[in-house]
Amino acid sequence: MNAYIQLDNVGMQFNTKRGPFIALRDVDLHIQKGEFVSIIGHSGCGKSTVLNLVAGLLDATAGTLLCAGREIKGPGPDRAVVFQNHSLLPWLTCTENVLLAVEQVFGKSESKTQMLERALAALELVHLTHAKDKLPGEISGGMKQRVGIARALAMEPKALLMDEPFGALDALTRAHLQDELMSICAATQSTVIMVTHDVDEAVLLSDRIVMMTNGPSATVGEILHVDLPRPRERLQLADDAAYNHYRHEVLTFLYEKHHKTAA
Amino acid sequence: MSTLNPSAERAKAIALGIVPPIIGLGLFILLWALVSASTPTIPTPGATFVSAVELFSDPFYNKGPNDMGIGWNILASLERVAIGFGLAALIGIPLGFIIGRFRFFNDMLAPIISLLRPVSPLAWLPIGLLVLQKAEPAAIWVIFISSIWPMIINTAAGVTRVPQDYMTVARVLNLSEWKIVTRILLPATLPYVMTGVRLAIGVAWLVIVAAEMLTGGIGIGFWIWDEWNNLDVAHIIIAIFVVGIIGLLLEVLLTQLAKRFDYDAR
C-alpha cells in the first residue's frame, strides 16, 4: 500500500566540529492521506529533525522520503510549515503575510482579487477577520500563531507540518487553538504531522502517535493508534477510560521505557 | 509617597528635563566670558551675540562671488554634502547588500574596505583634484569617499543579521530572490541602513568644513577661513555654532526618520 507521506530507512547525520553526529537512524513512517500524526519524544530526540526532513529544510543522509509518490527534494509549498515562533514578517499586515504565501502557490493561475479572497478566507477560518489589517506586533501570541496556521492553510498544502505550534502559548490559549485546529482539520481533511512534547495534546488531536526513542541516533520507538471517535470533546474525554488509557501508554513510554535523566 | 497632584508631577518632570541643560549652557557661557576677559582677542559672549544678530539680519546678500551672506555659504555646503552623500548612498547601500548577501563578495572586498576606511577623508582630496581637475567636484568626492564606508558596513551587517526565522520562511515558501530582497531583506535591513545613513551624514558634515577650507570657493568652511584672514573671531565662533546646530538638526531628523522603519520598537 502506498502511503501519502512515506519515510523509509531515513537517517540523518550532522557533521559537527567534534565529528559526525548521528541524529536519526532507520526511521520508517508511512502516513495516510487525511491522517493526523503526532511525533512525541523528549527534547533532543530528533523529532523536529524528522519534520524538517519532510519539510525539505534538511536533506536526509540515508533512506528515502516521498510525498504523494514524489521524492522530497528541498522545501515546497505542497508541504506548509507552522513554526513554533509563528515567524510572521513584522512589516506586513496579517493579510499580507498570508497573501505572500498565497501568491507563491496561486500567483500564476489566479487574479489578485481571487488571491486576496483566498487570504481572507484563510483568516476567517482561524477567526481573525477583525485583525486582518493589523501588524503582527499589534496582536497577541495566540493570534499570531493563528495567522501562521492561516498562512499554511491558505496554500492548500498536501501536508501541514507543525513544529510545536502551541508550545509558546499559555495553557488556556493552547486549549482553544487545539479545538480550533481539530475543527479546521475536520473541515479541510488535512494531512498533518505535528511535533509536540505535550502528551494531552498528542492524544487529543492525533490518529496516531509516533513515540521517538532518545537521541543520539534516535528512531521510532512505538506507534500508538488513538481510536477515539471524532469530533472529540476535551471535557468528555477527561473522564473517558479509553482516552486515559492512551494517555497512560504515552506516559509509560516516555517515563518508564525511555526515561531521560534531566539534561 | 508623593503627595503631589498629577499636574504638579508633570511640571516637576518638565523642570527636571529643562533645568540641567540650562545650567550646563550657563556654565559654558560663563567659562567663555572668563576666557574672553583674560584673552582680549576672543570676543565676549555679548559681543558675539550682537555680531550674530547683525550677521543673520541679512543672511542672503550677494556682493559678488567673494562676499556673499552666511545663508548662501551654508546652502552651498549643504548642497555639496547632499550630492556627495547621495552618490555614496546610491553606491554604498547596494554594495553593502551584495557584500552581506554573498560570502564571496564579502571575502573579496573586506580587505580593501578595512584598508581604506581608517584613512582620513582629506587624504583623498589631492587624488580628487588630480582626477577631477576642479575644486568643486573634488570637495564632493571627499564627502563621497568619507560617507560611503558607514553605509556599506552597516548595510552589510544588517543583511547578515536578518533573523534566520525569516529566511526559513522564505525557503519554505520557495520565495524568489526578488521577493526575498523586497519582502524580507529590505525591510529587515532598513533599520541598519538608517543607522549607516545617520553615521554617514555626521561624517560628511564633519568633513565638509575642512574640505572647503582647502578648496575655497563658497561654503561654510571657506567662510570660516575667510573670516580668519579678516581676523573676525566673532564670526568664526558664530560659524562653529552654526555648524554644530546644523549637524544636530541633521542627526535629529534622521533619528526620527529611522524610528519609522524600526519594527522591533513597535
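These remarks concern the structure in this document. (Residues numbered from 1 in each chain as written. Chains lettered and ligands numbered in written order. Predicted model: local features only at pLDDT ≥ 70, side-chain atom pairs only at ≥ 80, totals over all residues. Heavy atoms only, no water.)

**What about the overall build of chain B?**
Thinking step 1. Summing up its helical and strand segments, chain B has ten helices and zero strands in all.
Thinking step 2. Listing the helices and strands of chain B from first to last along the sequence gives α-α-α-α-α-α-α-α-α-α.
Thinking step 3. Expected size for 266 residues packed as a compact globule is a radius of gyration near 18 Å; at 24 Å, chain B overshoots this value by more than 25%.
Thinking step 4. C-alpha atoms of chain B, sized along the principal axes, occupy 70 × 70 × 30 Å.
Thinking step 5. Within chain B, the fraction of its 266 residues that count as buried is 39%.
Thinking step 6. Expressed as a percentage of contacts within chain B between residues at least 6 apart in sequence, the contacts between residues at least 24 apart total 66%. (Helix = DSSP H or I, 4+ residues; strand = E, 2+ residues; numbered from the N terminus. Rg over C-alpha atoms; globule rule 2.2 N^0.38 Å. Buried < 20%, exposed > 50% of the residue type's maximum accessible area, 1.4 Å probe, protein only. Contact = heavy atoms within 4.5 Å.)

**Quick word on empty space enclosed by the protein**
Thinking step 1. As enumerated under the stated definition, the model contains two cavities of 30 Å³ or more in all.
Thinking step 2. Approximately 50 Å³ is the volume attributed to the largest cavity.
Thinking step 3. Taken together, Ala80, Val81, Phe83, Gly148, Arg151, Ala152 and Met155 of chain A together with Val169, Val172 and Leu173 of chain B make up the full set of residues lining the largest cavity.
Thinking step 4. For the lining of the largest cavity, the elements supplying multiple residues, two or more each, are strand E6 (79–82) and helix H4 (141–154) of chain A together with helix H7 (164–172) of chain B.
Thinking step 5. At three residues, the largest contribution of residues to the lining of the largest cavity is made by H4 of chain A.
Thinking step 6. Along the lines of polarity and charge, the residues of the lining of the largest cavity split into eight nonpolar, one polar and one charged.
Thinking step 7. Put simply, the second largest cavity is a space of about 30 Å³.
Thinking step 8. Taken together, Val126, Arg146, Ile149, Leu177, Glu180, Leu181 and Ile184 of chain A make up the lining of the second largest cavity.
Thinking step 9. Looking at the lining of the second largest cavity, the elements with two or more residues in it are H4 and helix H5 (171–188) of chain A. (1 Å grid on protein atoms, 1.4 Å probe; cavity = no way out; pocket = protein on both sides within 12 Å on 5 of 7 lines; lining within 4 Å. Points joined across faces, edges and corners; volume = space filled by probe spheres on them. Nonpolar A, V, L, I, M, F, W, Y, C, P; charged D, E, K, R; others polar.)

**Concerning the pattern of salt bridges**
Thinking step 1. Under the definition given, this model contains 18 salt bridges over all chains.
Thinking step 2. Residues Asp78 of chain A and Arg79 of chain A are paired through a salt bridge, measuring 3.3 Å at the closest nitrogen-oxygen approach.
Thinking step 3. The exposure class assigned to Asp78 of chain A is partly exposed, which follows from its relative accessible area of 23%.
Thinking step 4. A salt bridge links Arg183 of chain B to Glu103 of chain A; the nearest nitrogen and oxygen atoms lie 3.7 Å apart. Separated into two different chains, Arg183 of chain B in helix H8 (residues 177–215) and Glu103 of chain A in helix H2 (residues 94–106) make up a pair that spans both.
Thinking step 5. Looking at Arg183 of chain B, the relative accessible area reads 25%, which means it is partly exposed.
Thinking step 6. Salt bridges sharing partners connect three or more residues here, namely Glu103 of chain A together with Lys179 and Arg183 of chain B. (Salt bridge = Lys/Arg side-chain N within 4 Å of Asp/Glu carboxyl O.)

**Examining the sheet that holds strand E4 (residues 62–67) of chain A**
Residues and elements named next belong to chain A.
Thinking step 1. The four strands lie next to each other as E2-E1-E4-E5, forming an open sheet whose pairing is antiparallel. Strands at the two margins of the open sheet, each flanked by one partner only, are strand E2 (19–31) and strand E5 (70–71).
Thinking step 2. In this structure, strand E1 (residues 5–16) lies alongside E4, joined through five bridges in antiparallel fashion. Counted as the bridge partner of Gly11 is Ala62 from E4.
Thinking step 3. Against the sheet, helix H1 (residues 47–55) makes contact with E1, E2 and E4, and its axis sits at roughly 110° relative to E1, the strand it touches most. (Pairing = 2+ DSSP bridges. Axes fitted to C-alpha atoms, helices over the stretch in contact; angles between N-to-C directions.)

**Focus: the packing of aromatic side chains**
Thinking step 1. All told, the structure shown has nine aromatic pairs over all chains when counted by the stated rule.
Thinking step 2. The ring centre of Phe106 of chain A lies 3.7 Å from the NZ or CZ of Arg118 of chain A, which sits over that ring.
Thinking step 3. The aromatic ring of Tyr61 of chain B is capped on one face by Lys63 of chain B, whose charged end is 5.0 Å from the ring centroid. (Phe/Tyr/Trp six-rings, centres within 6.5 Å; stacked < 30°, edge-to-face > 60°. Lys NZ or Arg CZ within 6 Å of the ring centre and 35° of its normal.)

**Quick word on unusual backbone geometry**
Residue and element names in this part refer to chain A.
Thinking step 1. Between Arg230 and the following residue, Pro231, the backbone shows a cis peptide bond with an omega angle of -5°.
Thinking step 2. Here Pro231 shows up in the loop between strand E10 (220–225) and helix H7 (234–237).
Thinking step 3. Positioned with a positive phi, Ala68 is a non-glycine residue whose angle comes to about 50°.
Thinking step 4. Note that Ala68 resides in the loop between E4 and E5.
Thinking step 5. Judged by its relative accessible area of 31%, Ala68 is partly exposed.
Thinking step 6. The phi dihedral of Ser87 is positive, around 50°, even though this residue is not glycine.
Thinking step 7. Take Ser87: it is sitting in the loop between E6 and H2.

So far we have only geometry, and geometry alone does not tell us how the molecule works.
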